[in-house]
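If you want the building blocks of each chain, they are given just below.
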Amino acid sequence: MSTAMDTESTYSGYSHYSGHSKKAHRQGRDRHKSPRSKDGSRSEKSVTIQTPPAEPLLGNDASRAEEGQDDNWGETTTAITGTSEHSISQEDIARISKDLEDSVGLDCKRYLGLTVAAVLGLLVFLTPIAFILLPQILWRDDLEPCGTVCEGLFISVAFKLLILLIGTWALFFRQPKADIPRVFVFRALLLVLIFLFVFSYWLFYGVRILDSKDTNYQGIVQYAVSLVDALLFIHYLAIVLLELRQLQPMFTVKVVRSTDGESRYYSLGHLSIQRAALVVLENYYKDFTVYNPALLTASKSRAAKHMAGLKVYNVDGPGNNASGQSRAMIAAAARRRDSSHNELYYEEADHERRVKKRRARLVVAVEEAFTHIKRLQAEEQQKAPGEMMDPREAAQAIFPSMARALQKYLRTTRQQQYHSMESILQHLSFCITNNMTPKAFLERYLNPGPTLQYDRDRWFSKQWTLVSEEAVTSGLQDGIVFVLKCLDFSLVVNVKKIPFIKLSEEFIDPKSHKFVLRLQSETSV
């Protein structure tokens, strides 16, 4: 990653806002050319990865789209060679292709499960109706008259089926949030239970009613009512197993990101490992700050430089006795290693000073830009309605005045790959539309936000792999550790059981709150 650019030309897309010479653009581009990697062998084995380019700045005009995206903005196109931790080998590419093939199998498995559940649900709702209608169709003339009692039972069956339909829709017919590697055990058990239950009812109905052509129609209707009542109880059992059982917190999980050590704690109930992993990932996207590999580059380069200082070379050749010189060189390398903390201290202090300085410049630039748009609004209210500015035009008018300060701040804090010019313009027009303050506009850029705040193209984690020594369908237990891996980093999850708390009570008599003021003779009152 190149350092922050101090040239006066920041965006070639804004040539109509501020005039800059072509020489300044060439100097800016030459200054930000990345050096060639010295490790040629490792670079040949790596694959160049390019992040998605930023969107065009203004409108849909082709010429404007070509000019609006400057080479210097945010360094949105980054080539990562073999010296970077984000390089992938041919084996990784083969693994990714295998994961894509497995995802196709997961889709087939998911649709197969949905089809089986839909067919079984249709069978459940049609069975009571069939129990009531079949005798009327097959031996209507032989049935005993039922009268008002059967009509009341018909109404009861209708309303119970309606309640069961609404409850089933609310509990089961939801859009899936993720594909899990194994089947959900409780849901599969419920489906098996419902199938066995309906099959047994059909078996009894076929043997005792259809074969004998029972003429007691009231008993047949009551048999259908008992089936609907039993289905309502099974639905209640499904609510307890699928929803209520996991509400009471029983475990505390610590989630640690492997690259930067950021961690969070969550409380979970009785869940399987795969469902606990889903809960962890849902909270990860909203609680953890977005993964920024650029922040790890500086520390790794500094560590590599210090390790290079520990190398010892025998310049006199292997045949000469240079043990004294070797010891002196080792001592010098050790002294250099001992002084590395000073370099780290001054480096971090200088970085903090530059961040504070450019943050102050950005805040002032944004406040001045918003003050200008307020003046524009006051002036535009006096004009004709056809000449009023919409929020997009207002954002395009004030953006060049803050663009340079914003670009330098994003470069210094290494956030430029997450914010394209188009996304900043959209956010600026959104703030203008909702009459938000400059502080509300800057909130997205001053501090890195969660992953959900950014576009999906900027995410480094989309497909995860669950690694566990225990079966992923087994429940959580104290001391279990499982890992959620993606391409660039992993989440290490450590499960701890919430301890049993013994709470005792101690009674204090209100009459015991009596106090005496003791005054010494030397004390002046």
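Just so it is clear, the model here is predicted, and its values are computed rather than measured.

About the thresholds
Residues numbered from 1 in each chain as written. Predicted model: local features only at pLDDT ≥ 70, side-chain atom pairs only at ≥ 80, totals over all residues. Heavy atoms only, no water. Helix = DSSP H or I, 4+ residues; strand = E, 2+ residues; numbered from the N terminus. Buried < 20%, exposed > 50% of the residue type's maximum accessible area, 1.4 Å probe, protein only. Contact = heavy atoms within 4.5 Å. Areas by Shrake-Rupley, 256 points an atom, 1.4 Å probe, with all protein chains shown as cover. UniProt positions renumbered as here; feature names shortened; annotations may be inferred. Pairing = 2+ DSSP bridges. Axes fitted to C-alpha atoms, helices over the stretch in contact; angles between N-to-C directions. Salt bridge = Lys/Arg side-chain N within 4 Å of Asp/Glu carboxyl O. pLDDT = per-residue confidence, 0-100. Parallel < 35°, antiparallel > 145°, perpendicular 65-115°, else oblique. Nonpolar A, V, L, I, M, F, W, Y, C, P; charged D, E, K, R; others polar. Left-handed = near helix turned anticlockwise from the far one by under 90°. Expected span 1.5 Å × (residues − 1). Phe/Tyr/Trp six-rings, centres within 6.5 Å; stacked < 30°, edge-to-face > 60°. Lys NZ or Arg CZ within 6 Å of the ring centre and 35° of its normal. Core = buried A, V, L, I, M, F, W, Y, C linked by side-chain atoms within 4.5 Å. Polar contact = N/O pair within 3.5 Å; in protein donor to acceptor, adjacent residues only side chain to side chain.

Trainee: What is the right way to look at the overall build of the protein in this model?
Mentor: Check the secondary structure of the protein and you find 14 helices and five strands. Counting every position in the protein, which comprises 525 residues, the buried fraction comes to 33%. Sequence separation of at least 24 residues holds for 76% of the intrachain contacts in the protein that already meet a minimum separation of 6. Accessible area for the protein stands at about 33,600 Å²; split by element, carbon and sulfur atoms hold 57% of it.

Trainee: Would you take a moment to explain the UniProt feature "transmembrane region" (unreviewed entry) in the protein for this structure?
Mentor: Here, UniProt's "transmembrane region" (unreviewed entry) annotation points to residues 111-133, 153-172, 184-204 and 224-244. Here residues 184-204 runs as 95% helix and 0% strand, with 31 Å between its end C-alpha atoms. The straight-line gap between the two end C-alpha atoms of residues 224-244 is 29 Å; of that span, 100% is helix and 0% is strand.

Trainee: Quick question: what am I supposed to make of the sheet that holds strand β1 (residues 251-257) here?
Mentor: Backbone-to-backbone hydrogen bonds pair the strands of a sheet. The strands run either parallel or antiparallel. Spatially, β2-β1-β5-β4-β3 is the arrangement adopted by the five strands of the open sheet, whose pairing is antiparallel. Across the chains shown, the open sheet's two edge strands, defined by having one partner strand only, are β2 (263-268) and β3 (465-468). Across the sheet, the mean angle from the axis of one strand to that of its neighbour is 25°, orientation sign disregarded. Here five bridges tie strand β4 (residues 481-485) to strand β5 (residues 490-497), and the two strands are oriented antiparallel to one another. Residue Phe-482 lies in a different strand from β5, and its bridge partner there is Val-493.

Trainee: What is the right way to read the pattern of salt bridges from this model?
Mentor: Opposite charge on two side chains allows them to pair when their charged atoms are near. Tallying each qualifying case throughout the model produces eight salt bridges. Measuring nitrogen to oxygen at the nearest pair gives 3.4 Å for the salt bridge that ties Asp-350 to Arg-354. With Asp-350 and Arg-354 both in helix α11 (residues 340-380) and four residues apart, the pair spans about one turn of that helix. Looking at Asp-350, the relative accessible area reads 33%, which means it is partly exposed. You can call Arg-354 partly exposed: its relative accessible area is 31%. The salt bridge partner of Glu-422 is Arg-392, with a shortest N-O separation of 3.2 Å. Residue Glu-422 is found in helix α13 (residues 421-433), and its partner Arg-392 is found in helix α12 (residues 391-412); the two are separated by 30 residues along the sequence. For Arg-392, a relative accessible area of 24% corresponds to the partly exposed category. In this structure, a network of salt bridges that share partners links the residues Arg-257, Asp-260, Glu-262 and Arg-264.

Trainee: Sorry if this is basic, but what is going on with the confidence of the model for the protein here?
Mentor: Detailed reading of the predicted coordinates is not advisable wherever pLDDT falls low. Here the protein averages 74 in pLDDT, and 66% of its residues register 70 or above. Across the protein, the secondary-structure element scoring lowest on mean pLDDT is helix α2 (residues 40-45), at 36, and the one scoring highest is β1, at 95. Confidence drops under a pLDDT of 50 for residues 1-91, and excluding neighbours within four residues, the segment shows 157 contacts in the predicted structure.

Trainee: Could you clarify how one ought to interpret the packing of α12 against helix α14 (residues 438-446) in this entry?
Mentor: When two helices pack together, their arrangement is given by the angle between their axes and by how far apart the axes lie. Remark: α12 packs on α14, axes separated minimally by 11 Å, with the N-to-C direction vectors making an angle of 30°. Comparing their axes, α14 and α12 come out roughly parallel. Judged by residue contacts, Met-402, Leu-406, Tyr-409 and Leu-410 of α12 engage Phe-441, Tyr-445 and Leu-446 from α14. Here the residues of the contact of α12 with α14 are counted per class, giving seven nonpolar, no polar and no charged.

Trainee: Hey, could you run me through the packing of α13 against α14 in this one?
Mentor: Between α13 and α14, whose axes approach to 9 Å, the crossing angle comes to 150°. As far as their axial angle goes, α14 and α13 are roughly antiparallel. As for the relative orientation of α13 and α14, their crossing is right-handed in sense. Contacts between α13 and α14 involve Ile-424, His-427, Leu-428 and Cys-431 from the former and Ala-440, Phe-441, Arg-444 and Tyr-445 from the latter. Of the residues in the contact of α13 with α14, the class split is six nonpolar, one polar and one charged.

Trainee: Sorry if this is basic, but what is going on with helix α5 (residues 148-171) here?
Mentor: Two residues of an α-helix separated by three or four positions point the same way, owing to the 3.6 residues in each turn. For α5, spanning 24 residues, the distance from its first C-alpha to its last is 35 Å, which sits close to the expected 34 Å at 1.5 Å a residue. Buried residues of α5: Cys-150, Leu-153, Val-157, Leu-161, Leu-164, Gly-167, Thr-168 and Leu-171, and no others.

Trainee: Honestly, the environment of Leu-295 in this entry has me stumped. Any pointers?
Mentor: With respect to the helices and strands, the residue Leu-295 is situated in helix α9 (residues 294-308). Non-local contacts of Leu-295, meaning those with residues more than four positions away in its chain, are made with Thr-413 and Arg-414.

Trainee: Which parts of the structure should I look at to understand the packing of aromatic side chains?
Mentor: Aromatic rings considered in pairs are described by the distance between their centres and by the relative angle of their planes. This structure, assessed with the given rule, holds 19 aromatic pairs. Three or more aromatic residues link up through ring pairs in this structure, and these residues are Phe-131, Phe-197, Tyr-201, Trp-202, Phe-204, Tyr-205 and Tyr-223. In this arrangement the basic side chain of Arg-257 is found over the ring face of Phe-489, its NZ or CZ atom lying 5.9 Å from the centre.

Trainee: Any chance you could explain the nonpolar core here in plain terms?
Mentor: Proteins that are soluble and globular tend to have nonpolar side chains buried together. Ranked by size, the top nonpolar core spans 30 residues in total, and within it Phe-131, Phe-197 and Tyr-217 carry the most contacts. Among the secondary structure elements, those contributing two or more residues to this core are α4 (90-138), α5, α6 (185-210) and α7 (217-244). Counting residues per element, this core draws most heavily on α7, at 11 residues. If we ignore the near neighbours within four places in the chain, the residues touching Phe-131 are Tyr-201, Trp-202, Tyr-205, Ile-220, Tyr-223, Ala-224 and Leu-227.

Trainee: What is the right way to look at the pairing of β2 in this model?
Mentor: As defined by bridge partners, β1 adjoins β2 across six bridges and the pair is classed as antiparallel. Bridge assignment links Val-256 to a residue of β2, and that residue is Ser-263. Hairpin connection of β1 to β2: five residues between the antiparallel strands, including Gly-261 at a positive phi of 80°.

Trainee: It is not clear to me how the environment of Ser-468 should be interpreted in this structure. Could you clarify?
Mentor: With respect to the helices, strands and loops of the structure, Ser-468 is situated in strand β3. Classification of Ser-468 as partly exposed rests on a relative accessible area of 23%. Each C-alpha atom, one on Ser-468 and one on Gln-274, is 9.5 Å from the other, the two residues being 194 residues apart in sequence. Not counting chain neighbours up to four residues away, the residues in contact with Ser-468 comprise Ile-273 and Phe-482. A polar contact is formed between the side chain of Ser-468 and the backbone oxygen of Glu-470, at a distance of 3.1 Å.

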